[in-house]
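Structural overview for review
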Amino acid sequence: MSEFMRAVDVKNGAGPASALFINDATPIPIVNEGECLVRVKAFGINRGDMLQRDGKYPNIGHLTKIMGLEFSGVIARLGAEGETSDGWKVGDEVFGLLYGGGYAEYVNVNKRMLIRKPKELSFEELGGLCETWFTALQALHFVGLYSSEDTHSILWHAGASAVSVAGIQLSRDAHLIKSPNSPGPRVFATARKQEKCDFVVKELGAVGAVDISQHPDKQSWAGEIKKLNGGQGMDLVVDFLGGPYLQSNLDVLALDGRIVQLGWLDGPNSNGNVNIAGFMVKRARVQGSQLRSRTLEYQIKLRDFFEANVLPGLVEGRFKHVVERVIPWDRVEEAHVLLESNQTKGKVVCVIPE
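On a predicted model such as this, the values are computed, not experimentally measured, just so you know. (Residues numbered from 1 in each chain as written. Predicted model: local features only at pLDDT ≥ 70, side-chain atom pairs only at ≥ 80, totals over all residues. Heavy atoms only, no water.)

Before going further, it helps to examine the overall build of the chain. Looking only at helices and strands, one finds 12 helices and 15 strands in the chain. A globule of 354 residues ought to have a C-alpha radius of gyration of about 20 Å, and the chain, at 20 Å, matches this closely. Taking the principal axes of the C-alpha coordinates as reference, the chain spans close to 65 × 45 × 35 Å. Among the 354 residues that make up the chain, the fraction classed as buried is 55%. In the chain, the proportion of contacts linking residues at least 24 apart, taken out of those at least 6 apart, comes to 70%. With an accessible surface of roughly 15,400 Å², the chain has 50% of that area assigned to carbon and sulfur atoms. Distance between charge centroids for the chain: 3 Å, based on 39 positive and 42 negative side chains. (Helix = DSSP H or I, 4+ residues; strand = E, 2+ residues; numbered from the N terminus. Rg over C-alpha atoms; globule rule 2.2 N^0.38 Å. Buried < 20%, exposed > 50% of the residue type's maximum accessible area, 1.4 Å probe, protein only. Contact = heavy atoms within 4.5 Å. Areas by Shrake-Rupley, 256 points an atom, 1.4 Å probe, with all protein chains shown as cover. Lys, Arg positive; Asp, Glu negative; His and termini not counted. Charge placed at Lys NZ, Arg CZ, Asp CG, Glu CD.)

Next up on the list: the side chain of Ser 171. The residue Ser 171 is located in helix H4 (residues 162-172) in this model. Side-chain polar atoms of Ser 171 contact the side chain of Trp 156, separated by 2.8 Å. Sequence-distant contacts of Ser 171, defined by excluding residues within four places in its chain, comprise Leu 140, Ile 154, Trp 156, Pro 185 and Val 187. (Polar contact = N/O pair within 3.5 Å; in protein donor to acceptor, adjacent residues only side chain to side chain.)

With that settled, consider the pattern of salt bridges. All chains considered together, the criterion is met by 23 salt bridges. With its nearest N and O atoms 3.1 Å apart, the salt bridge here joins Glu 297 to Arg 112. Taken together, the positions of Glu 297 in helix H10 (residues 296-309) and Arg 112 in the loop between strand S6 (106-110) and strand S7 (115-116) put the pair 185 residues apart, joining distant regions of the chain. Overall, Arg 112 belongs to the partly exposed group, its relative accessible area being 43%. The closest approach of N and O atoms between Arg 318 and Asp 173, which form a salt bridge, is 3.0 Å. Here Arg 318 is found in the loop between helix H11 (311-316) and strand S14 (323-328), whereas its partner Asp 173 is found in the loop between H4 and helix H5 (175-178), with 145 residues between them in sequence. (Salt bridge = Lys/Arg side-chain N within 4 Å of Asp/Glu carboxyl O.)

Those residues of helix H6 (residues 194-202) that fall on the buried side of the exposure criterion are Lys 196, Cys 197, Phe 199 and Val 200. For H6, the arc enclosing every buried residue in end-on projection is 160°, short of the 170-degree limit, so these residues lie on one face. Against the buried residues of H6 lie H4, strand S9 (186-191) and strand S10 (208-211). (Arc of directions from axis to C-beta.)

This part is about the sheet that holds S10. Within a sheet, each strand pairs with its neighbour through backbone hydrogen bonds, oriented either parallel or antiparallel. The sheet built from six strands is open, its strands ordered S10-S9-S8-S11-S12-S13 with parallel pairing. The outermost strands of the open sheet, each flanked by one partner alone, are S10 and strand S13 (285-288). Averaged over all pairs of adjacent strands, the angle between strand axes in this sheet comes to 15°, irrespective of strand direction. With four bridges connecting them, strand S8 (residues 153-156) and S9 associate as parallel partners. Across the sheet, Ile 154 pairs through a bridge with Val 187, a residue of S9. Across the face of the sheet, helix H3 (residues 130-143) comes into contact with S8, strand S11 (234-239), strand S12 (253-261) and S13 while running at roughly 145° to S8. (Pairing = 2+ DSSP bridges. Axes fitted to C-alpha atoms, helices over the stretch in contact; angles between N-to-C directions.)

Let us now look at the nonpolar core. Soluble globular proteins tend to bury their nonpolar side chains together. Ile 45, Trp 156 and Phe 306 are the most contacted members of the largest nonpolar core, which totals 88 residues. Excluding residues that lie within four positions of it along the chain, Phe 306 makes contacts with Phe 95, Ile 115, Leu 129, Trp 133, Phe 134, Leu 137, Leu 311 and Leu 314. In this structure, Leu 155, Phe 188, Val 237 and Ile 259 belong to the second largest nonpolar core, which totals 16 residues. (Core = buried A, V, L, I, M, F, W, Y, C linked by side-chain atoms within 4.5 Å.)

Let us now look at unusual backbone geometry. In this structure, Asn 59 is a non-glycine residue whose phi angle is positive, near 60°. Take Asn 59: it is sitting in the loop between helix H1 (47-53) and strand S4 (70-77). Even without a glycine there, the phi angle at Ala 158 is positive, about 50°. Looking at the element boundaries, Ala 158 is found in the loop between S8 and H4.

This brings us to the pairing of S6. By the criterion of burial, S6 is predominantly enclosed, with four of the five residues buried. In this structure, strand S3 (residues 35-44) lies alongside S6, joined through five bridges in antiparallel fashion. Bridging from a neighbouring strand, Glu 35 pairs with Asn 110 of S6.

In total, this model carries six aromatic pairs according to the counting rule given. Both rings, one in Trp 133 and one in Phe 319, keep their centres 5.7 Å apart while their planes meet at 45°; by these two values the pair is tilted. Taken together, the positions of Trp 133 in helix H3 and Phe 319 in the loop between H11 and S14 put the pair 186 residues apart, joining distant regions of the chain. Here Trp 133 and Phe 319 have matching classes, each one buried. (Phe/Tyr/Trp six-rings, centres within 6.5 Å; stacked < 30°, edge-to-face > 60°.)

As structure tokens, then:
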């Protein structure tokens, strides 16, 4: 095997989508103890990749400069000589979550993070699956602390985004994991187009959705969501929109409600004054989360939870992994531009030909 591979790089280290190119002189990653080398077949495009491409992703200087948080592929090499295989062998078809490095022909992966590819799902589907479903799963269960006893209503912002597409479905069936005889939560969403609102209700099973483009004040949408829920607030809100929606997220919360902050698509700063009385009156909690900064042990725990409780539903068809478009990796600029257009419903995936 050569010492070099092809990988997506950024001219001058950071820049717009037009600065992306295939660098054919990228060193193949060193395989450390406990890892294996995977020949990548497909990888997903994520918002975090854009932040990294622009040089704005915080606290990742110790990680590979190659973008890519998820992959599917085939094991090309196991770990150091004499190391146990842990049940894996060269040629096994796998997929998984990464700290980075997926935009390349080869990536090194900790063997405890590998998931065996089910025959029912394609490399294209699996290449853009883990970052999406793991993020939604941890927001709902690990951070949002879903319980059938106190979580009766859940709101996902950016309802047609890949993570919320997963999250809405996971929320709809969340009670089945530990309390299958309990009623499921009522799940709601917001989006910026009526077409996307219709999609999350008709295709994903949300009870209702509100088009926030019809609420330019960034406030009045909260009353519409409550109206859809019989006048009651939300027990859990998962937000990607950021600072401008903090006040309205507080307004839409029920007593003892929680907000899980996963992004700031509309910016990190709030507009005007935020009335913090809502935190006290509603006994509200707000917690941010960034999956990439989690420890390996945390990610392994999440991986195991996913494999046990979510993957069977994807294989059976109970959960739908929505792929918007599959694009050859030499057109990765097109893939980034498409995601940045905010016109997608579901995942954008790039494939690497043999």
